[in-house]
Amino acid sequence: MEQGTMIDHRYRVVHPLGGGGMANVYQAFDTYLNRDVTLKMIRLDIKDQPDAVERFQREAKAATALVNDHIVQVYDAGEFDGSSYLVMEYVDGMDLKDYTQAHFPIPYHKVVDIMEQILDAVAAAHRAGIIHRDLKPQNILIDRQGQVKITDFGIATAKKSESLTQVHTVIGSIHYLAPELPIGQHASAQSDIYALGVILYELLTNQVPYQGDTPEQVAYKHGNMPMPFVRDFDSQVPQPLENVILRATAKNPVDRYFSAEDMAADLKTSLSKRRSKESRYVPETSDETRLVDTDLADRPYVADPDILKDPEEGKSVTDQIIDYAKQGMSIKEIAMQVDRMPKFVRQVLSKNGVKYKSAKKWVVSLVMLVLLLASFGGASYFKNNYVTMPDVTNMSVNQAESKLSDAGLTVSGPTYASSKTVTSGQVMKTKPGSGAYLKKGTSVSLVVSSGANKVTLADYSGWSYGEAAAQLSGQGFTVKRKSQASSDVPSGEVISQSAAAFTAVDPSSTTITLTVSTGPSKVQVPNLVGKNQSDAMNWANSNRIQLSFNFTNSSQTSGQVIAQDIPAGSQITSDKTLTLTISAGQENSTNSNNNSNDSNNNSSNSSSSSSSSSSSSPSSNNH
């Protein structure tokens, strides 16, 4: 689409931003509201495909159902030259894929901050019953201020709706696809969480965990190969941060986080020194390996996870555990050898009646003594040098700075972000977050609310009610309709609006009432025959009805209505004219025969027209 193209006389194309399998994306300018927007136009070659149109409609419905600072807002939807389009919030930045490549290596605290924003958006979607189903860095935008926003809900679906994933027919990006989806299981919150784990892996390594020559090979690896350890790529990655990935990407959905909130809570403390001695996460269920159909790879796959063989020993995990126990190894030593949790090792040994070696009591006592002595010195050191990050959310900037200063922390200049829930000027969150264990003197960044995003109202006078209501609803307003008769505004068009045009208001807390024309008001016509002319004019004036008079000689009293062209009981509007025939009295008998024709002509042509606001006198024929 060429630069400068106008869409529906409102959106002017500025330049292309890119494209995908479904649509071409442009930066555009909303000439009504004077703001940049993102215009997504369905590709010409698929615009007539019902599935493609349905996906567009699904994206609009899914996104407008969500209100979150980290989800791209959909403003409008329509059709132009037979092609469906969406108008969305414009994010001045780049997608997370490009951001990772441009800024790699990304500091761990920045990685955590990015993931916390993503998780906040995903949690909001899940609470609304919406599974995204295509989470990947290309669908996550980050602006110049570090604000993250998720877009492209085109294949999102409600939790209770039929999954679009069928066996061998997978919708989504294969590098981020949970292993249960290619084998026909329905998408769930846990499949979104798996994708989030892969995204976190990529933020820390600048690469996806599984590569392959074909999508089928990648899907096979997701289902059968262990998740690579990020600490093998970067040994400085804290173990708790790696554990977030391992738990989120567990092969069995049961072993993953129950919710996005749970994952966010674990991620929040992953850089804490209090967790520095944490062991590598191992799923508790033995059914760790998920299977993918054999046609997804050229090599054979494991048929039964319960008899998973060690390539060197050729023994099952259970046999290895029993052998190690008989050799006198402790539970902990066995767990490390077979890469399982100690709890799992104990269960196997107990189930098979094998006694296992316990740690010597004196060893335990010695360890406890060492820890006790260390705790005295350590407690004193940490008390003097470290502090727990206080919670300063919903405080003013001055209050927050004062509280952080009292705690021995410094404050860097605040950044601002919009919020519908936090009052303007108050702290939305801190980086690092509250509860973090920080060394005194650490710099803390404040994120301060700039208030809700406000929308500048257009002048909807003359718009059809349907068009005006659709745009306002798409912007988040509550719309009400008020009907009013009007002779000047056509029926169905907006006469006025409750909030003045060109004012900036918060859609989430504003109701816009549109006064809509029902056309000219209707009045029931009375029986005016037998009434005098002045009575008829009084009725017409009070009801804003136009009158026209025809005068004729009659035996009826002069000035009396003797006929009307619209029957009594009919409905008439103010844009119509009611014509009344008025008696001019009897013809004068002194008229000569040779003037009778003239007299008759004068009588018949003595009609005059008048509006309801003026009077007309009948013509006299005195010859």
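No experiment lies behind these values; they were computed from the predicted model shown.

Regarding the overall build of the protein
Part 1 of the reasoning: A tally of helices and strands in the protein yields 16 helices and 26 strands.
Part 2 of the reasoning: In the protein, buried positions account for 44% of the 623 residues.
Part 3 of the reasoning: Of all intrachain contacts in the protein linking residues separated by at least 6 positions in sequence, the fraction that spans at least 24 positions is 67%.
Part 4 of the reasoning: Per element, the accessible surface of the protein, about 31,700 Å² overall, is 49% carbon and sulfur.

Observations regarding the confidence of the model for the protein
Part 1 of the reasoning: Here the protein averages 79 in pLDDT, and 79% of its residues register 70 or above.
Part 2 of the reasoning: Throughout residues 158-171 the model reports pLDDT below 50, and contacts reaching past four residues in sequence, or to other chains, amount to 33 contacts.
Part 3 of the reasoning: Here residues 286-314 is modelled with pLDDT under 50, and outside its nearest four sequence neighbours on either side it reaches 65 contacts, counting other chains as well.

Focus: the packing of helix H4 (residues 189-205) against helix H8 (residues 260-268)
Part 1 of the reasoning: It is the contact of H4 with H8, at a shortest axis distance of 10 Å, that shows an interaxial angle of 30°. Put simply, H4 runs roughly parallel to H8. Remark: the crossing between H4 and H8 carries right-handed chirality. Note on element contacts: H8 touches H4 through Ala260, Met263 and Leu267, opposite Ile193, Leu196, Gly197 and Leu200.
Part 2 of the reasoning: The residue inventory of the contact of H4 with H8, partitioned by class, reads 6 nonpolar, 1 polar and no charged.

Focus on the environment of Val561
Part 1 of the reasoning: Counting through the fold element by element, Val561 comes out in strand S24 (residues 561-564).
Part 2 of the reasoning: Note: C-alpha distance between Val561 and Val529 (32 residues apart in sequence) is 4.9 Å.
Part 3 of the reasoning: Here Val561 is in contact with Leu528, Val529, Gly530, Lys531, Asn532, Ala536, Leu580, Thr581 and Ile582, once residues within four sequence places are set aside.

What to know about the pattern of salt bridges
Part 1 of the reasoning: Counting across every chain of the model gives 13 salt bridges.
Part 2 of the reasoning: With its nearest N and O atoms 3.8 Å apart, the salt bridge here joins Lys110 to Asp113. Linking Lys110 with Asp113, this pair stays in helix H3 (residues 108-127), spanning 3 residues, or about one helical turn.
Part 3 of the reasoning: Overall, Lys110 belongs to the buried group, its relative accessible area being 18%.
Part 4 of the reasoning: Residue classification places Asp113 among the buried residues on the basis of a relative accessible area of 5%.
Part 5 of the reasoning: For Asp266, the salt bridge identified is with Arg275, shortest N-O distance 2.9 Å.
Part 6 of the reasoning: Look at Asp266 and you get buried, because its relative accessible area is 19%.
Part 7 of the reasoning: Each member of the salt-bridge network shares a partner with another, and the members are Lys110, Asp113, Lys429 and Lys431.

Thoughts on the nonpolar core
Part 1 of the reasoning: In this structure, Met115, Ile118, Leu196, Ile199, Leu200 and Met263 are the most contacted members of the largest nonpolar core, which totals 54 residues.
Part 2 of the reasoning: Elements with a contribution of two residues or more to this core: helix H2 (96-103), H3, strand S8 (130-131), strand S9 (140-143), strand S10 (148-150), H4, helix H7 (239-248) and H8.
Part 3 of the reasoning: It is H4 that provides the largest number of residues to this core, a total of 11 residues.
Part 4 of the reasoning: Ile118 has contacts with Leu96, Ile140, Val148, Ile150 and Leu196, leaving out every residue within four places of it along the chain.

Quick notes on unusual backbone geometry
Part 1 of the reasoning: Backbone torsion omega between Phe104 and Pro105 reads -5°, so that peptide bond is classified as cis.
Part 2 of the reasoning: Tracing the backbone shows Pro105 in the loop between H2 and H3.
Part 3 of the reasoning: The peptide bond linking Lys431 to Pro432 adopts the cis configuration, its omega dihedral lying at 0°.
Part 4 of the reasoning: Position of Pro432 among the secondary structure elements: in the loop between strand S14 (427-431) and strand S15 (437-439).
Part 5 of the reasoning: Positive phi, close to 50°, is recorded for Asp81, a residue that is not glycine.
Part 6 of the reasoning: In this structure, Asp81 sits in the loop between strand S5 (74-80) and strand S6 (83-89).
Part 7 of the reasoning: Unlike most non-glycine residues, Asn206 shows phi in positive territory, near 60°.

Some words on helix H14 (residues 465-474)
Part 1 of the reasoning: For H14, the set of buried residues is Tyr465, Ala468, Ala469, Gln471, Leu472 and Gly474.
Part 2 of the reasoning: On its buried face, H14 sits against strand S2 (11-19), S5, strand S18 (478-484), strand S19 (494-497) and strand S21 (511-517).

Details of the side chain of Asp266
Part 1 of the reasoning: Structurally, Asp266 is set in helix H8.
Part 2 of the reasoning: Apart from residues lying up to four places away in sequence, Asp266 is in contact with Val244, Tyr257 and Arg275.

Description of the sheet that holds S5
Part 1 of the reasoning: What the 6 strands build is an open sheet, ordered S1-S2-S3-S4-S6-S5; its pairing is antiparallel. The sheet is open, and its two borders are formed by strand S1 (6-7) and S5, each paired with just one other strand.
Part 2 of the reasoning: Here S2 runs beside strand S3 (residues 23-30); their pairing, made up of 7 bridges, is antiparallel. If you follow His15 over to S3, its bridge partner there is Gln27.

Section: the packing of aromatic side chains
Part 1 of the reasoning: Taken as a whole and assessed by the stated rule, the structure comprises 5 aromatic pairs.
Part 2 of the reasoning: Where Tyr32 meets Trp463, the ring centres are 5.3 Å apart and the plane angle is 55°; that geometry is what we call tilted. Of the two residues, Tyr32 is situated in the loop between S3 and strand S4 (35-42) and Trp463 in the loop between strand S17 (455-456) and H14; the sequence distance between them amounts to 431 residues.
Part 3 of the reasoning: On the basis of relative accessibility, which here comes to 31%, the residue Tyr32 falls in the partly exposed class.
Part 4 of the reasoning: Taken together, a centroid distance of 4.8 Å and an interplanar angle of 80° make the contact between Tyr460 and Trp463 edge-to-face.

Comments concerning the sheet that holds S19
Part 1 of the reasoning: Spatial ordering of the open sheet is given by S18-S21-S19, a layout of 3 strands whose pairing is mixed. For this open sheet the edge positions go to S18 and S19, each flanked by a neighbour on one side alone. Mean inter-strand twist for the sheet, computed between neighbouring axes without regard to direction, equals 25°.
Part 2 of the reasoning: Bridge count for S19 against S21 is 3 bridges, and the pairing is antiparallel. Each residue of the ladder has a partner; that of Ser496, found in S21, is Thr515.

What counts and how
Residues numbered from 1 in each chain as written. Predicted model: local features only at pLDDT ≥ 70, side-chain atom pairs only at ≥ 80, totals over all residues. Heavy atoms only, no water. Helix = DSSP H or I, 4+ residues; strand = E, 2+ residues; numbered from the N terminus. Buried < 20%, exposed > 50% of the residue type's maximum accessible area, 1.4 Å probe, protein only. Contact = heavy atoms within 4.5 Å. Areas by Shrake-Rupley, 256 points an atom, 1.4 Å probe, with all protein chains shown as cover. pLDDT = per-residue confidence, 0-100. Axes fitted to C-alpha atoms, helices over the stretch in contact; angles between N-to-C directions. Parallel < 35°, antiparallel > 145°, perpendicular 65-115°, else oblique. Left-handed = near helix turned anticlockwise from the far one by under 90°. Nonpolar A, V, L, I, M, F, W, Y, C, P; charged D, E, K, R; others polar. Salt bridge = Lys/Arg side-chain N within 4 Å of Asp/Glu carboxyl O. Core = buried A, V, L, I, M, F, W, Y, C linked by side-chain atoms within 4.5 Å. Pairing = 2+ DSSP bridges. Phe/Tyr/Trp six-rings, centres within 6.5 Å; stacked < 30°, edge-to-face > 60°.

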